[in-house]
Amino acid sequence: MRLRRVLTIVCLLGLLKASAANDQAPEAIGPVPTVAQVQWQQMETYAFIHFGLNTFNDMEWGYGDTPASTFNPVRLDCEQWAQTLVKAGMKGVILTCKHHDGFCLWPSRYTDYSVANSPFKRDVVRELSEACKKYGIKFGVYLSPWDRHQASYGSPEYVTYYYNQLEELMTQYGDVFEVWFDGANGGDGWYGGAREKREINRSTYYNYPKAWSIVNRLQPDAVIFSDGGPGCRWVGNEKGYANATNWAFVRSKDVYPGYPQYQELQSGHADGDAWCASECDTSIRPGWFYHESEDDKVKTVDELTDLYYRSVGHNGTLLLNFPVNRDGLIHPIDSATAVQWHERIVRELGHNQFAGATFTASDIRSKAFGPEKMGDGDWETYWAPSDGVTTAEVAIKTKRDVTLNCVMLQEYIPLGQRIKEFVIEYKTCCGKWAPVLTSEETTTVGYKRLVRFHEKTASEWRVRILDSRACPCINNIEGHLTEIKDKR
Ligand code: FUL
């Protein structure tokens, strides 16, 4: 009798302990993002601006020998850029403060090859950074390491010059959200002033860790872009998409600016040791810089929409370039297209058909992590099953039949990227579960995964997690009907 009572007490204590443990959030599974990396990924879409001497010389990679006097954007209006970008849903903009030709859009005290010696004279970096503040978008910096103008390029002196310019940009223009370290180096390039080939060892010459320490010291919240981060990574193509399977990790010891196996970056490294989500960069036109001959080659709203699903919807961000024209303005074709594209995305993803639905999960770690957290619109709350549960399902019952061709999933990434494989199903009219079938792999999720499929109509849906690195933590599941019907 006594023994039974003791055993009962022991069991009760055990249960209490277990439920207390379940009230705790799951432990993070590394690698995990910093707060700045999470905030950066939440921006989702932001703009690139390529503008400089190339704009006036109809070039993509100027040699650095065209005179500063050719730069004269008489109608330049950075407020027009910022206002256009806001209407296009962009949360920030990164400016080519200096491209490979070495011409500086700000009056750098370290060179005379800048706006200061052009007829234009004005500081474009200042004007854009101020317009960003005025219109509420973030400001970022591109400073090309490769410089075809500087006579010292190739020697240690140039590297000091580069750091000095970086310091100027990090201290003179307010907060910077991202700094872009371009891996391009055109190994056999022809150099303007010296007219010779100068080869450097890309992985050692610039001493990137030192450059990054300058950014970290002066702009601690800035995310550093390069082929392998450390803040965010190149996606391994300039077409603006990531693979459907896309890990936010890289093997930090393997990847460096100029990494030859860059195609791997389209999916990241499942076994990576560093958090380094992908940024999908592309231009709204074929070129990065403005060319009149490309006025009729602006990407269409359909093309941009598809890219959104394959960048933001594949656990990346979209960095969309606008080649500012010789007047110093975003061309009206580009701005009209970008604004219509944004309106289209808002239309397509602005009406969640799972709003008000009932969510039921196969396992819940505790009430605080219940399945309704996926439909509450709060990004900080999420559904999580018990520790060790790596196969689980969530069923969604809508009040009436809904027609969908897209499901959005989001993981709570501060605790790491977890899901390795999933399937989306709907209940057919004869009461059987069937997969919605997509033309893409349904493997990783990450910050955001948009899965498109042929239209299906049902009131019961489910997401089955088939494999996960640890118990899944999902903070959002939405159902949508996009305009490209039956595309996939
Ligand atoms: C590349 C550069 O060579 C292009 O000119 C452009 O700036 C693009 C964004 O990155 O590496």
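Residues numbered from 1 in each chain as written. Predicted model: local features only at pLDDT ≥ 70, side-chain atom pairs only at ≥ 80, totals over all residues. Heavy atoms only, no water.

1. As for the domain arrangement of the protein chain
Next up, step 1: Under the domain assignment, the protein chain is made up of domain 1 (35-349) and domain 2 (358-480).
Next up, step 2: Domain 1 and domain 2 are separated by 35 Å when their C-alpha centres are compared.
Next up, step 3: Buried surface at the junction of domain 1 and domain 2, summed over both partners, amounts to about 1900 Å²; 58% is from carbon and sulfur atoms.
Next up, step 4: For domain 1, the biggest contributors to the area lost against domain 2 are Trp 247, Tyr 309 and Leu 349; these three give 26% of the whole.
Next up, step 5: Here domain 1 is connected to domain 2 by two salt bridges. (Domains from an automatic or database assignment. Buried area = accessible area lost by both parts, 1.4 Å probe. Salt bridge = Lys/Arg side-chain N within 4 Å of Asp/Glu carboxyl O.)

2. Some details on the side chain of Thr 317
Next up, step 1: By the element assignment, Thr 317 lies in strand E10 (residues 316-323).
Next up, step 2: For Thr 317, the residues in contact, after removing those within four places along its chain, are Trp 40, Gln 41, Glu 44, Tyr 46, Ser 278, Glu 279, Cys 280 and Ser 311. (Helix = DSSP H or I, 4+ residues; strand = E, 2+ residues; numbered from the N terminus. Contact = heavy atoms within 4.5 Å.)

3. What about the site of the ligand?
Next up, step 1: Neighbouring residues of the ligand: Phe 48, His 50, Trp 61, His 99, His 100, Tyr 142, Trp 180, Asp 182, Ala 184, Glu 238 and Trp 288.
Next up, step 2: His 100 is positioned such that a nitrogen or oxygen atom in its side chain is 2.9 Å from an oxygen atom of the ligand.
Next up, step 3: Within the side chain of Glu 238, one N or O atom sits 3.5 Å away from an oxygen atom of the ligand.
Next up, step 4: Out of a free accessible area of 290 Å², the ligand has 93% covered by protein chains.
Next up, step 5: Tallied by class, the residues present in the shell around the ligand amount to six nonpolar, three polar and two charged. (Near = heavy atom within 4 Å. Polar contact = N/O pair within 3.5 Å; in protein donor to acceptor, adjacent residues only side chain to side chain. Areas by Shrake-Rupley, 256 points an atom, 1.4 Å probe, with all protein chains shown as cover. Nonpolar A, V, L, I, M, F, W, Y, C, P; charged D, E, K, R; others polar.)

4. Section: the sheet that holds strand E3 (residues 138-143)
Next up, step 1: One closed barrel accounts for eight strands, arranged E1-E2-E3-E4-E5-E6-E9-E10; its pairing is parallel. Ignoring strand direction, the axes of neighbouring strands in this sheet form an average angle of 25°.
Next up, step 2: Contacting strand E1 (45-50) and E10, helix H9 (residues 332-349) crosses the sheet at an angle of about 155° to E10. (Pairing = 2+ DSSP bridges. Axes fitted to C-alpha atoms, helices over the stretch in contact; angles between N-to-C directions.)

5. Quick notes on the pairing of E10
Next up, step 1: With eight of its eight residues buried, E10 lies for the most part within the structure.
Next up, step 2: Burial along E10 is two-sided: Gly 316, Leu 318, Leu 320 and Phe 322 and Thr 317, Leu 319, Asn 321 and Pro 323, pointing in opposite directions, are all buried.
Next up, step 3: In the sheet, E1 pairs with E10 via six bridges, with the strands oriented parallel. Paired with Ile 49 across the two strands is Phe 322, which belongs to E10.
Next up, step 4: Bridging between strand E9 (residues 278-283) and E10 involves six bridges; their strand directions are parallel. Opposite Ser 278, over in E10, you have Gly 316 as the bridge partner.
Next up, step 5: Handedness of the crossover joining E9 and E10 through helix H8 (residues 301-311) is recorded here as right-handed. (Buried < 20%, exposed > 50% of the residue type's maximum accessible area, 1.4 Å probe, protein only. Right-handed = clockwise from strand over helix to strand, strands pointing away.)

6. Structural notes on the packing of aromatic side chains
Next up, step 1: Throughout the structure, instances matching the rule amount to 36 aromatic pairs.
Next up, step 2: Measuring from ring centre to ring centre gives 6.4 Å for Trp 40 and Tyr 46, while their planes differ by 55°; the resulting arrangement is tilted. Comparing Trp 40 with Tyr 46 shows no difference in burial state: the two are buried.
Next up, step 3: For the pair Tyr 158 and Tyr 161, a centre-to-centre distance of 5.6 Å together with 45° between the ring planes defines the contact as tilted. Residue Tyr 158 and its partner Tyr 161 are located together in helix H6 (residues 156-172), separated by three residues, close to a single helical turn. Taken individually, Tyr 158 and Tyr 161 each receive the classification buried, so the pair is uniform in this respect.
Next up, step 4: One aromatic cluster is present, formed by Tyr 153, Tyr 158, Tyr 161, Tyr 162, Phe 181, Tyr 205, Tyr 206, Tyr 208 and Trp 212 through successive ring pairs.
Next up, step 5: The ring of Tyr 241 has Arg 310 lying over it, and the distance from NZ or CZ to the ring centre is 4.8 Å. (Phe/Tyr/Trp six-rings, centres within 6.5 Å; stacked < 30°, edge-to-face > 60°. Lys NZ or Arg CZ within 6 Å of the ring centre and 35° of its normal.)

7. What about the pattern of salt bridges?
Next up, step 1: In the structure shown here, the tally under the stated rule is 29 salt bridges.
Next up, step 2: Its salt-bridge partner being Glu 264, residue Arg 251 comes within 3.9 Å of it at the nearest N-O pair. In this pair, Arg 251 is assigned in the loop between strand E7 (249-250) and strand E8 (274-275) and Glu 264 in the loop between E7 and E8, connecting sequence segments 13 residues apart.
Next up, step 3: Connected through salt bridges with shared partners, the residues Asp 302, Arg 344, Arg 347, Glu 348 and Glu 483 form a single ionic network.

8. Section: empty space enclosed by the protein
To find leftover empty space, a probe the size of one water molecule is rolled over the atoms.
Next up, step 1: In this structure the tally under the stated criterion is two cavities of 30 Å³ or more.
Next up, step 2: Size it by volume and the second largest cavity reaches roughly 30 Å³.
Next up, step 3: Every residue lining the second largest cavity is listed: Phe 51, Gly 52, Leu 53, Asn 54, Thr 96, Lys 98, His 99, Asp 101, Phe 103 and Phe 289.
Next up, step 4: At the level of elements, helix H3 (53-57) and strand E2 (92-98) are the ones that each hand at least two residues to the lining of the second largest cavity.
Next up, step 5: Partitioning the lining of the second largest cavity into residue classes produces four nonpolar, four polar and two charged. (1 Å grid on protein atoms, 1.4 Å probe; cavity = no way out; pocket = protein on both sides within 12 Å on 5 of 7 lines; lining within 4 Å. Points joined across faces, edges and corners; volume = space filled by probe spheres on them.)

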